[in-house]
Amino acid sequence: MSRHHYRRRRRRNSLSSAVDDTAHIAASFGPVGALWTGAIGFAVFYAALPACMMSWTADRKATMKGPAAAAFANLLDQVMWHRFISPCQWAGVAILLVCSAIAIWKLLDQAELDDEDVTFLSFISKGISRLIGH
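First things first, this report covers the structure right here in the doc. Bear in mind that the values here come from a model prediction, so they are computed numbers and not experimental data.

## Considerations on a nonpolar patch on the surface
Taken together, the side chains of Leu97, Phe120, Phe123, Ile124, Ile128 and Ile132 make up a nonpolar region of the molecular surface, amounting to roughly 580 Å² of accessible area. It is helix 4 (residues 115-133) that provides the largest number of residues to the nonpolar patch, a total of five residues. Tracing the sequence through the fold places Phe120 in helix 4.

Structure below.
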């Protein structure tokens, strides 16, 4: 009888994947296109998605009734901030940083970026973004 070893699959954070994917998209453009990609990604992740989430939570809090409504509303705010809004804003800053770095790289060096360069820039931008956010 053969044994199957359980190997935990390492799941990537979807926001981290969004940063990586945006970096690869920005690398396919020129310097101006990479900068626009970063600006749009920043606007979406730093402002638009959190605003939609805050609107959704405001609607949910308005429907809460009863003696525990205030406590649940406070809990909902904290959960949304720590689990969704703050990570989205982190991703927005990381997208802006990596796309800006790609734009500067392309402006200074006309050679195309390969996948390893883009992955390295994405890794560095995520680290800097985490330092800025915390």
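## Some details on the side chain of Thr22
Positionally, Thr22 belongs in helix 1 (residues 14-27). Not counting chain neighbours up to four residues away, the residues in contact with Thr22 comprise Thr37, Ile95 and Cys99.

## Let's talk about the pattern of salt bridges
Taken as a whole and judged by the stated rule, the model has two salt bridges. In this structure, Lys126 engages Asp20 in a salt bridge whose closest nitrogen and oxygen atoms are separated by 3.0 Å. Of this pair, Lys126 sits in helix 4 while Asp20 sits in helix 1, placing them 106 residues apart in sequence. Assigned by exposure class, Lys126 and Asp20 land together as buried. Lys61 is the partner of Asp77 in a salt bridge, and the nearest nitrogen-oxygen pair spans 2.9 Å. In this pair, Asp77 is assigned in helix 3 (residues 69-108) and Lys61 in helix 2 (residues 31-63), connecting sequence segments 16 residues apart.

The rules behind each value
Residues numbered from 1 in each chain as written. Predicted model: local features only at pLDDT ≥ 70, side-chain atom pairs only at ≥ 80, totals over all residues. Heavy atoms only, no water. Patch = residues over 30% accessible without salt bridge, like charges linked within 9 Å, V, L, I, M, F, W, Y side chains within 5 Å. Areas by Shrake-Rupley, 256 points an atom, 1.4 Å probe, with all protein chains shown as cover. Salt bridge = Lys/Arg side-chain N within 4 Å of Asp/Glu carboxyl O. Helix = DSSP H or I, 4+ residues; strand = E, 2+ residues; numbered from the N terminus. Contact = heavy atoms within 4.5 Å. Buried < 20%, exposed > 50% of the residue type's maximum accessible area, 1.4 Å probe, protein only.

Shape descriptors only; they carry no functional weight alone.
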